[in-house]
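# Report on the structure
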Amino acid sequence: MDKRFGAQSMVGRLRRVVVKRPAEAFVSVEKIEREWQRLGFTAPPDLKRAEEEFSQLEEILRQEGVEILYLPADERTTLDSIYTHDPVLITEAGAIILQMGKKERAGEPEAFADALKSWGVPILGRLSGKATAEGGDLLWLDEKTLVAGRGFRTNQEGINQLQEILRPLGVKVLAYDLPYWAGPGEVLHLMSFISLLDVDLAVVYKKLLPVAFYKLLLERGIKLVEIPEEEFPTQGCNVLAINPRRVVILKGNPITATRLRQAGCFVYELSGEEIAFKGSGGPTCLTRPLLRL
């Protein structure tokens, strides 16, 4: 039987991915108008243009041979559910259903869990009680090392429970404190300032890297491609690796894109005014890898 799930990597060849189209996440102009300010979007997304942008992402994924699975519309979710990376973590033994640090996203994990069951993906574990963790704070450094950013969205109890669930798989969770930055009202995930592009290559905004994490990256022999100051607000660090060094970045980050190419990457540039910039999520946020090989 063909392998259907397993993604303890940020850079292995992407074979199956879960996304949610604007038609199912944003749903309607009325829903957008009701929710965008409460969720902290910078402006209301234009549904038609969002669908056009998202189709570009789908085309890139299909061109790279990735099977795409789609989350359905769900009354438990908001506009934020377009960012499918955050509600679950996928392991070789099944999915871990997380609990969101952003209270407005509380319905997403169970909605995602229902879809995973329909696709035959087992549930390895669930966070419970006061534990919170979001996928944007969780980065696989290798298949046995998960790095967690402890901040406003992911708390220590969430990290503790993840370690307990992952221990039987031989996975160690390393936690690093995130900075206050702009406070709890603004999303700052671990992956806001680092994306792995290959086992030995990462793109980073060095100013926000915890020093101990920075030293670990150097000890691992990981080359760091730095983004310029002016491309942090346009999510220059939010880069999706489809294959090692075959990556997707948002348009509007020309210096970073050039530096990635100089580092040996093939770079797709994705339009993201509606699906990315307004909701503060980029190519990694829009995708939940289900299978990487």
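Located above this text is the structure these notes cover.
First things first, this report covers the structure right here in the doc. (Residues numbered from 1 in each chain as written. Predicted model: local features only at pLDDT ≥ 70, side-chain atom pairs only at ≥ 80, totals over all residues. Heavy atoms only, no water.)

### What to know about the packing of aromatic side chains
Considering all chains together, one arrives at six aromatic pairs under this definition. Taken together, a centroid distance of 5.6 Å and an interplanar angle of 75° make the contact between Phe152 and Tyr180 edge-to-face. Of this pair, Phe152 sits in the loop between strand 7 (145-150) and helix 5 (156-166) while Tyr180 sits in the loop between strand 8 (172-177) and strand 9 (194-198), and the two are 28 residues apart along the sequence. By relative accessible area, which is 43% here, Phe152 ends up partly exposed. Since its relative accessible area comes to 55%, Tyr180 is described here as exposed. Aromatic side chains Tyr205 and Phe232 sit 4.3 Å apart centroid to centroid with 20° between the ring planes, which places their arrangement in the stacked category. In this pair, Tyr205 sits in the loop between strand 10 (201-204) and helix 6 (211-219) while Phe232 sits in the loop between strand 11 (223-226) and strand 12 (240-243), placing the two residues 27 residues apart along the sequence. When sorted by exposure, Tyr205 lands in the same class as Phe232, which is buried. An aromatic cluster of three or more residues is present, and its members are Trp181, Tyr205 and Phe232. The lysine or arginine in question, Arg21, covers the ring of Tyr70, its NZ or CZ lying 3.9 Å from the ring centre. The cationic tip of Arg246 hangs over the ring face of Phe266; the distance from NZ or CZ to the ring centre is 4.3 Å. (Phe/Tyr/Trp six-rings, centres within 6.5 Å; stacked < 30°, edge-to-face > 60°. Helix = DSSP H or I, 4+ residues; strand = E, 2+ residues; numbered from the N terminus. Buried < 20%, exposed > 50% of the residue type's maximum accessible area, 1.4 Å probe, protein only. Lys NZ or Arg CZ within 6 Å of the ring centre and 35° of its normal.)

### Side note on the nonpolar core
Residues Phe193, Ile194, Phe213 and Leu260 are the most contacted members of the largest nonpolar core, which totals 56 residues. Filtering out sequence-adjacent residues up to four positions away, Leu260 remains in contact with Leu197, Val203, Val225, Val239, Val247, Ile249, Cys265 and Val267. One finds Ala25, Leu47, Leu79 and Phe277 within the second-largest nonpolar core, a separate group that totals 31 residues. (Core = buried A, V, L, I, M, F, W, Y, C linked by side-chain atoms within 4.5 Å. Contact = heavy atoms within 4.5 Å.)

### Details of the pairing of strand 14 (residues 266-270)
Bridge count between strand 13 (residues 246-250) and strand 14: five bridges; the pairing is parallel. Residue pairing across strands places Ile249 opposite Glu269, the latter belonging to strand 14. In terms of handedness, the path from strand 13 via helix 7 (residues 254-262) over to strand 14 forms a crossover that is right-handed. (Pairing = 2+ DSSP bridges. Right-handed = clockwise from strand over helix to strand, strands pointing away.)

### Considering helix 7
Listing the buried residues of helix 7 in full gives Thr256, Ala257 and Leu260. Viewed end-on, helix 7 has its buried residues packed into an arc of 100°, placing them on one side of the element. Residues of helix 7 that are buried make contact with strand 9, strand 10, strand 11, strand 13 and strand 14. Just downstream of helix 7, Gly264 is the residue with a positive phi angle, here 95°. (Arc of directions from axis to C-beta.)

### Brief notes about the side chain of Arg288
Structurally, the position occupied by Arg288 is in strand 15 (residues 288-292). Lacking a salt bridge, the buried Arg288 has Asp86 as its closest oppositely charged neighbour, with an N-O distance of 6.3 Å. Arg288 has contacts with Val17, Val18, Thr84, His85, Val88, Leu89, Ile90, Phe112 and Gly135, leaving out every residue within four places of it along the chain. (Lys, Arg positive; Asp, Glu negative; His and termini not counted. Salt bridge = Lys/Arg side-chain N within 4 Å of Asp/Glu carboxyl O.)

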